[in-house]
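Report on the structure
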Amino acid sequence: MDFTRSAGAGFFFADWRDNCGSMPRAVVAAWDSDTDTYHPVGEPAMTLKIATEDDSNTPPFSMGSLPDQYHALVVGSSGTIGAAMIALLRSDPRCGSVRGLHRHSHPPLDFADEAGVAAASSELARGPRLNLVVNATGMLHAPELMPEKRLADLDYAHLLAAFQANTFGPALLLRHVAPLLAPGRGLMAMLSAKVGSIGDNRLGGWYSYRASKAALNMLVRTAAIELARTQPNTVLVSLHPGTVESPLSRPFRGVASARPAHDAVVDMLRVLDRLVPSDSGAFFAYDGSRLPW
Ligand SMILES: NC(=O)c1ccc[n+]([C@@H]2O[C@H](COP(=O)([O-])OP(=O)(O)OC[C@H]3O[C@@H](n4cnc5c(N)ncnc54)[C@H](OP(=O)(O)O)[C@@H]3O)[C@@H](O)[C@H]2O)c1
């Protein structure tokens, strides 16, 4: 028997494989939320619940609003959130293809190379129309570039790097990739950040990152207005993933509350799956709430 402990819905499960290869699950401990303690099953007052795989309340992930065998593209698939998104989309039986592009992919996609972005897009144009595009690129810090705490920290090097990664490159994607969306149903999301919200800015600091994401949000809003006329079934949004465990968030205090990328990606794709054309041009968080500009 091969026991694996895993947490789920207040219960700890022991999984084992029998000789037939099936995998029943049994509860071996349960969580008491009042006292925040785990009780081994068998202690007095505990109710034994035998669970099977069929009891799981979590439906398998699928982008149900997209056509069967839909085609997806994730830009920035070398990043933490981008890679998790590729993995989740590949697990969806309704996904016909998912392609990832990044600085070292074939073709490469580097926002420092304007002609290269156009060339990569031309290659994409030879493939099927895209039902889902997620841009998961972004830059908050780099070697010798930590987010500015005060005006005196501002300089061109940081501003240019942040705007190239967070604004100019995504603008090129809007130009070259939005026309490749499928006419029937096409979702395009630009990963933005809540700290790019002007209305929500109470702490200050992080000038380049905040400003570059605010500018990205303006590009998304402006492009959505144009696309509503030219591609009326397209839904284009800015999307905040929440705080996610990644190299981008690692140096900062908020990382204590960061979530695994997989969890954020499940939430974000569920939000995207529910969107309709009248939602286009908005700024959403991973939980489906609308964020202020
Ligand atoms: N993690 C969080 O807590 C958090 C919170 C709010 C918003 N976000 C947003 O979510 C997105 C993904 O973040 P993440 O946590 O997954 O970050 P990450 O792991 O650092 O990944 C960043 C991705 O962006 C790519 N990239 C950076 N600069 C680029 C450039 N100039 N040209 C092309 N690609 C570039 C990286 O490529 P390389 O692999 O080649 O470097 C990598 O694929 C970003 O837009 C970020 O602002 C994240």
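The structure under discussion appears in the preceding block.
Residues numbered from 1 in each chain as written. Predicted model: local features only at pLDDT ≥ 70, side-chain atom pairs only at ≥ 80, totals over all residues. Heavy atoms only, no water.

1. Digging into the pairing of strand β8 (residues 186-191)
In terms of burial, β8 is a largely internal element, six of the six residues being buried. By the alternation rule, side chains of β8 split into G186, M188 and M190 and L187, A189 and L191, which are all buried. In this sheet, β8 lies alongside strand β7 (residues 132-135) in parallel orientation, the contact comprising four bridges. By the bridge assignment for β8, N135 is matched with M190. (Buried < 20%, exposed > 50% of the residue type's maximum accessible area, 1.4 Å probe, protein only. Helix = DSSP H or I, 4+ residues; strand = E, 2+ residues; numbered from the N terminus. Pairing = 2+ DSSP bridges.)

2. What to know about the sheet that holds strand β9 (residues 234-240)
Strand order in the open sheet made by the six strands is β6-β5-β7-β8-β9-β10, with parallel pairing throughout. The open sheet has two free edges, formed respectively by β6 (95-101) and β10 (283-285), since each of these has just one partner strand. Each adjacent strand pair in this sheet contributes to an overall mean axis angle of 20°, direction not counted. Of the pairings in the sheet, the one linking β8 to β9 comprises six bridges and is parallel in character. Bridging across to β9, M188 finds its partner in L236. (Axes fitted to C-alpha atoms, helices over the stretch in contact; angles between N-to-C directions.)

3. Focus: the nonpolar core
Membership of the largest hydrophobic core comes to 35 residues, with the highest contact counts inside it found for M63, L89, L132, L269 and L272. Every element with two or more residues in this core is listed here: β5 (70-75), α1 (80-90), β6, β7, β8, β9 and α5 (261-274). The element contributing the most residues to this core is α5, with eight residues. In this structure L89 touches F61, M63, Y70, A72, V74, C95, V98, L132 and L269, once residues within four positions along its chain are discounted. Counting 25 residues, the second-largest nonpolar core is a separate cluster that includes L124, L174, A223 and L227. (Core = buried A, V, L, I, M, F, W, Y, C linked by side-chain atoms within 4.5 Å. Contact = heavy atoms within 4.5 Å.)

4. Some remarks on a nonpolar patch on the surface
There is a patch of nonpolar side chains on the surface, built from L151, L154 and Y207 and spanning about 260 Å² of accessible area. Counting through the fold element by element, L151 comes out in the loop between β7 and α3 (156-177). Of the residues examined, L151 reaches a relative accessible area of 58% and is grouped as exposed. (Patch = residues over 30% accessible without salt bridge, like charges linked within 9 Å, V, L, I, M, F, W, Y side chains within 5 Å. Areas by Shrake-Rupley, 256 points an atom, 1.4 Å probe, with all protein chains shown as cover. Salt bridge = Lys/Arg side-chain N within 4 Å of Asp/Glu carboxyl O.)

5. Re the packing of aromatic side chains
Enumeration over the complete set of coordinates arrives at four aromatic pairs. Ring centres of W206 and Y209 lie 6.1 Å apart, and the angle between their planes is 75°; on these two criteria the pair is classed as edge-to-face. Look at W206 and you get partly exposed, because its relative accessible area is 26%. Among the residues examined, Y209 registers a relative accessible area of 9% and is labelled buried. A connected cluster of aromatic rings, assembled from ring pairs, spans W206, Y209 and F252. (Phe/Tyr/Trp six-rings, centres within 6.5 Å; stacked < 30°, edge-to-face > 60°.)

6. Details of the packing of helix α2 (residues 114-125) against α3
Here α2 crosses α3 at 35°, and the two axes come no closer than 10 Å. Crossing angle aside, the handedness with which α2 passes α3 is right-handed. Residues E114, V117, A118, S121 and L124 of α2 form the contact with α3, whose participating residues are L172, L173, H176 and V177. Tallied by class, the residues present in the contact of α2 with α3 amount to six nonpolar, two polar and one charged. (Left-handed = near helix turned anticlockwise from the far one by under 90°. Nonpolar A, V, L, I, M, F, W, Y, C, P; charged D, E, K, R; others polar.)

7. Observations regarding the site of the ligand
Surrounding the ligand, one finds 27 residues, the nearest of these being S78, T137, Y209, V244 and S246. In the complex, 87% of the free accessible area of the ligand, which totals 900 Å², lies under the protein chains. Elements supplying a minimum of two residues to the shell around the ligand: α1 and α4 (207-230). Of the residues that constitute the shell around the ligand, the class distribution is twelve nonpolar, twelve polar and three charged. (Near = heavy atom within 4 Å.)

8. A look at the pattern of salt bridges
Summed over all chains, the structure comprises five salt bridges. Close ionic contact of D153 with R150 constitutes a salt bridge, the shortest N to O distance being 3.5 Å. Given a relative accessible area of 48%, R150 falls into the partly exposed group. The shortest N-O distance in the salt bridge between R202 and D200 comes to 3.2 Å.

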